[in-house]
Amino acid sequence: MSTAEYRAQEGTIDPGRIAERARPQIVERGLRARPGGWLGWITSTDHKKIGVMYLIATFMFFVVGGVEALMMRLQLGAAQNTIMDGQTYNALVSLHGTTMVFLFVVPVLAGFGNYLVPLMIGARDMAFPRLNALSLWLFVFGGIVFYTSLFFTPPEAGWTSYAPLSDDAFLPTGGIDAWIFLVHLTGLSSLIGAINFVATIHNMRPKGMGFGRMPLFVWTILIYAYLLILALPAIAAAVTMLLTDRHFGTGFFDPTAGGDPLLWQHLFWFFGHPEVYILILPAMGIVSEVLPVFSRKPIFGYSFIAYSGVAIGFLSFTVWAHHMFATGLGDFANGAFATGSFLIGVPTGVKIFNWIGTMWGGSLRFKTAMLFAVGFIAMFIIGGISGVSLASPPVDFQQTDTYYVVAHIHYVLFGGAIMGMFAGMYYWWPKMFGRFLDEGLGKVHFWLTMVGFNLAFFPMHWLGTEGMPRRIYTYFPDMGWNFWNMMSSVGAYILGISVMVLVGNMIYAYRRPREEMPDNPWDAATLEWATTSPPPAHNFDAVPVVYSRYPLWEDRHPVEGGQPAVIAAAAPHTSIDERSHPADTQVAVGEGESNAHLATVEADHGEHEAGHAFHLPAPTIFPMILAFGLLLIAFALLFSPPILKVTFLITGVIYFVVAIYGWVKQISE
Amino acid sequence: MASPCQIDRRHLAALLALGALLGLLAAAPAAFADILTPEDGGGSPPAERTDVLYEITLWMALPIFLLVEGVLIYSLVKHRFRRGAPEPAQVRGNTRLEIGWTVGAAAILVVLTVITLAFLPGIRDPEAGGAQRAGAVAVAATDQPDVPPGGPSLNVRVVGQQYIWRYDYPGPGRLFAYHRMVVPTDTTITLDITSQDVQHSFWIPELFGKADAVPGHINDMWFKVTEEGVYRGNCAELCGENHAQMIGEVEAMSPDRYRAWADRQRSDIRTAARALADQRRRMQAQQGAGEGSLLRQ
């Protein structure tokens, strides 16, 4: 179904209106030719291309992590299965958890954020486009260094790598080192990315967009970025200490050398619990964008949703030790961390009530994006409630480290974060690629996901209460765990099929002849829909002025007693990279052309007649080379033959230095 | 292209299917009541009290779960798109309602917190055996679990190692066991739990919740069994490639049988120790003879 048909059928918007909009002429005055093809991608500093590369890379890691999960479920499908031994299983546990957390959910949200935040706030790019490219390549090479361990010994201590198991006395193989470098590289990537988001969101919003008019997805990305900045240093310190424990004789976590294994747990979870909210908050943001559009109502209680996100962010730093109740912290500490953990349920619950309030009284269109958003709410309620029971220390003594926790984390991270991500994918796909994902296949994808997901993970609650610990590769047939393990494995494979349907949908969308995609096919309200699909390199011909939370709905629903419902072209918008760089490509808005990109846009012709041009950052290869240098240095520490060590170290340092020199030279030209 | 009417019916069917699925999910716990709550049995107070606390939590959570999911599904059906319906009212929120449900959620969680904190000491700290324990809370979390006055008690040191549990008993004469801990019934058993290599977690679901065995730390837990029997539990913290095979057991027997077992075990250990000492002496003698012959050359 074409967009025009969809919109005509929904009967809300005059399809003719789209065609009426004339586009201004774009004159490229490039001083240096932009590379095309794949080189154009890897040297790109365009937040959209970087966002798309993030999404492609993370999706590949998602598939790999999913295959690892299916291999584990194959082994666990029957009691005393002999498909794999404990070592292989532990490697799969570690690869799956690490991949999904560090290489999929965190960076996929960075991908969405990268693509959408500048568009949603009417900016031309991120504040630091070159650093943005560096973030991407650090993440990609972090994934590569981790998966290099497949060629020798993968890590076997789980994604949490508890010391002293992860110490060299017990796991001397390089797998743990590969894991450490993964945390270093992806951590650096996230930290740089987070600083970029903070700088962008604080500085580059258009005229009129105060914090109270910022799209909720941008709100959650801002909180996500602050949480990353505050939480990542703890894990960076922890893995560095583990590295020196393993190779340089320190004993931070070694009890025989005066160290303390519990220090690892404190540092890890001081990062690890905020990390959970880092994973879920932007998905909540996506849901908060999708629900109003398909309910045809504004979000219910905007401030409650925005501030409950902030509250979750604050509280997330007060609850880390609820992962450590069973270590014997004592009644007082257990009680205090339990209280914090119960409290965090309040802002989470408020969000759910507000989402239901958004749909209440609306006119709900069940497009696939909406189905996944609703699925998110339905599943997240289950994950939230099991989380409340885990906040209670005595109950936790029974449930921690069992399949109950496995069920809980998957209801929150798959039922929550990944469902939210799927909603965002179906919702923004037309904006990103100028094509729809097929609705029919999308619905098949959704229902297979719901059935497979619940079959795979709901029985795990029962397995956990029946005493089945997690991370065991085999179990005795007389434990009473056989049936639900079998069902869980069946569910996991249904889930696997659902992802194949999604991949098929993507390929189908890619191969389908391109139709003319309107700017705003869903009749959405936020600024990313005010530009073409896909957007031009410079995003907006004229930077809009914002008078409400829903700028594109103003013509239909004027703000009562407020400003006139008009998005006017703003004065020249200055981003950090707009200060003139001769090497940069200049894009000028052609003179004398209609700037009525939106029906309501009024262009400031005077500016253009004065020769106004805005600058887009030049493409550069140096961020990638810098990240590659760090990858080689990690390899130098990872490989034991001295000749390899020296070669990797020297070339790595050369790449690193050359990249910094070239980078500085390029921007000071 | 499907007609709008068909689309409506399809949506309705989909929603009903979702409703049925969630209904099943909600109903399933009732059908599997025994696997719904954490294991308990043997009448051990920590496990039984945890079970009670879990059930309180569950019975508070279930109505909330059903209510919220119910309202969600109801609103999906009730407010679905209908052809020709007017544009919905642009409600932006209702501050009074929102404050109401924030306070409501907070109230429920405060009640739950208070109940939990009330239960916590009774589950963590050994039972007083009827007598009042003045100032007991202050030392509850220290390395030495206070042995409750009144009533019999036994302190066992539990040491985890890859991939087996060792239990050291107090008293004159060495007494220890691997894999299976034998304890007398109707006796408060206090455990000092530690590890000699990596982290493990000692857990017998039917008797008590997990207590991590952390090298360099001594964790404590307690239990009391009223029924004779063997209770089994896996190590609950990933400890290496044979983590799945690291199983601990507790066998509870009457105090008389326990004493008989302890005597037999002590004498077995003595016999074994003597045999070992003899063997060592013989080896040393052989070695000495060998060295002597070397010296003579």
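Residues numbered from 1 in each chain as written. Chains lettered and ligands numbered in written order. Predicted model: local features only at pLDDT ≥ 70, side-chain atom pairs only at ≥ 80, totals over all residues.

(A) Representation of the overall build of chain A in the model. The helix and strand inventory of chain A stands at 20 helices and three strands. The buried share among the 669 residues of chain A stands at 61%. Expressed as a percentage of contacts within chain A between residues at least 6 apart in sequence, the contacts between residues at least 24 apart total 82%. (Helix = DSSP H or I, 4+ residues; strand = E, 2+ residues; numbered from the N terminus. Buried ≥ 20, exposed ≤ 12 C-beta atoms within 10 Å, placed from the backbone. Contact = placed C-beta atoms within 7 Å.)

(B) How the structure looks around the sheet that holds strand β4 (residues 180-184) of chain B. Residues and elements named next belong to chain B. The three strands lie next to each other as β4-β10-β9, forming an open sheet whose pairing is mixed. Two strands lie at the open edges of the sheet, namely β4 and β9 (229-234), each paired on one side alone. Across this sheet, the average inter-strand angle for adjacent strands is 20°, counted without regard to direction. Bridge count for β4 against strand β10 (residues 247-253) is five bridges, and the pairing is parallel. Following the sheet pairing, Met-181 is matched in β10 by Val-250. (Pairing = 2+ DSSP bridges. Axes fitted to C-alpha atoms, helices over the stretch in contact; angles between N-to-C directions.)

(C) Structural view of the pairing of strand β7 (residues 208-213) of chain B. Residue and element names in this part refer to chain B. Burial analysis of β7 places six of its six residues in the buried class, which makes it a mostly covered element. Taken together, the four bridges between strand β6 (residues 200-204) and β7 define a ladder with antiparallel strand orientation. When the bridges of β7 are listed, Ile-204 appears paired with Phe-208. In this structure, the hairpin formed by β6 and β7 is closed by a connection of three residues.

(D) Spatial organisation of the domain arrangement of chain A. Residues and elements named next belong to chain A. Domain assignment breaks chain A into domain 1 (47-511) and domain 2 (622-668). Between the C-alpha centres of domain 1 and domain 2 the distance comes to 30 Å. Those elements that place two or more of their residues in the side of domain 1 that touches domain 2 are α6 (129-148) and α7 (175-203). Here the element with the most residues in the side of domain 1 that touches domain 2 is α6; it accounts for nine residues. (Domains from an automatic or database assignment.)

(E) Region of the structure containing the domain arrangement of chain B. Residues and elements named next belong to chain B. Its domain assignment divides chain B into domain 1 (4-82 + 96-124) and domain 2 (151-277). Each of domain 1 and domain 2 has a C-alpha centre, and these two points are 38 Å apart. Each partner contributes residues to the interface: domain 1 has eleven residues there, and domain 2 has 14 residues. Split by residue class, the side of domain 1 that touches domain 2 holds four nonpolar, five polar and two charged. (Nonpolar A, V, L, I, M, F, W, Y, C, P; charged D, E, K, R; others polar.)

(F) Spotlight on the environment of Leu-138 of chain A. All names here are of chain A. Within the fold, Leu-138 resides in helix α6. Under the C-beta neighbour-count criterion, Leu-138 is labelled buried, with 27 such atoms within 10 Å. In this structure the C-alpha to C-alpha distance between Leu-138 and Ala-391, which are 253 residues apart in sequence, comes to 35 Å. Setting aside chain neighbours within four positions, we find Leu-138 in contact with Leu-185, Thr-186, Leu-188, Ser-189 and Ala-627.

(G) Fine view of the interface of chain B and chain A. Taken together, the contacts link 78 residues of chain B with 80 residues of chain A. Residue assignment for the side of chain B that touches chain A shows that the elements contributing at least two residues are α1 (4-31), α2 (33-36), α3 (45-78), α4 (95-124), β7, β8 (219-223) and β9 of chain B. Considering every element that reaches the side of chain B that touches chain A, the biggest residue donor is α4 of chain B, with 15 residues. Grouping the constituent residues of the side of chain B that touches chain A by class yields 42 nonpolar, 22 polar and 14 charged.

(H) Expanded view of the confidence of the model for chain B. Residues and elements named next belong to chain B. Predicted confidence across chain B gives a mean pLDDT of 82, with 80% of residues reaching 70 or more. Mean pLDDT values for the elements of chain B range from 33 in helix α5 (residues 136-139) up to 95 in strand β2 (residues 164-169). Per-residue pLDDT stays below 50 along residues 1-5; that stretch engages in three contacts with residues further than four places along the chain or on separate chains. Scored below 50 in pLDDT, residues 129-145 makes 27 contacts in the model with residues more than four places away or belonging to other chains. Interface confidence for the predicted complex, expressed as ipTM, amounts to 0.83; the pTM equals 0.86. (pLDDT = per-residue confidence, 0-100.)

(I) Region of interest: the nonpolar core. Residues and elements named next belong to chain A. In terms of nonpolar packing, the biggest core is built from 265 residues, with Val-290 and Ala-423 touching the most fellow members. Per-element tally for this core: the top contributor is helix α15 (residues 403-433), with 22 residues. Contacts of Val-290, omitting those with residues within four sequence positions, involve Ala-369, Met-370, Ala-373, Ala-423 and Tyr-427. (Core = buried A, V, L, I, M, F, W, Y, C linked by C-beta atoms within 7 Å.)

(J) How the structure looks around unusual backbone geometry. All names here are of chain A. Residue Pro-164 is bonded to the preceding Ala-163 through a cis peptide linkage, with omega at 0°. Here the amide bond leading from Ser-533 into Pro-534 is cis, since omega sits at -10°, within 30 degrees of zero. Structurally, the position occupied by Pro-534 is in the loop between α17 (482-511) and β2 (585-589). Positive phi is not limited to glycine here, since Arg-471 has a value of about 60°. Residue placement: Arg-471 occurs in the loop between α16 (439-465) and α17. Taking the number of C-beta atoms within 10 Å as the measure of exposure, Arg-471 has 23 and is therefore buried.

(K) Layout of the packing of helix α5 (residues 86-120) of chain A against α7 of chain A. Residue and element names in this part refer to chain A. Look at α5 against α7: their axes get within 11 Å of each other, and the N-to-C directions meet at 20°. Classified by the angle between their axes, α5 and α7 sit roughly parallel to one another. Where α5 crosses over α7, the two elements pack in a sense that is left-handed. Between α5 and α7, the residues in contact are Thr-98, Phe-102, Leu-103, Val-106, Ala-110, Gly-113, Val-117 and Pro-118 and Trp-179, Leu-182, Val-183, Thr-186, Ser-190, Gly-193, Phe-197, Thr-200 and Ile-201, respectively. For the contact of α5 with α7, the per-class residue count stands at eleven nonpolar, six polar and no charged. (Parallel < 35°, antiparallel > 145°, perpendicular 65-115°, else oblique. Left-handed = near helix turned anticlockwise from the far one by under 90°.)

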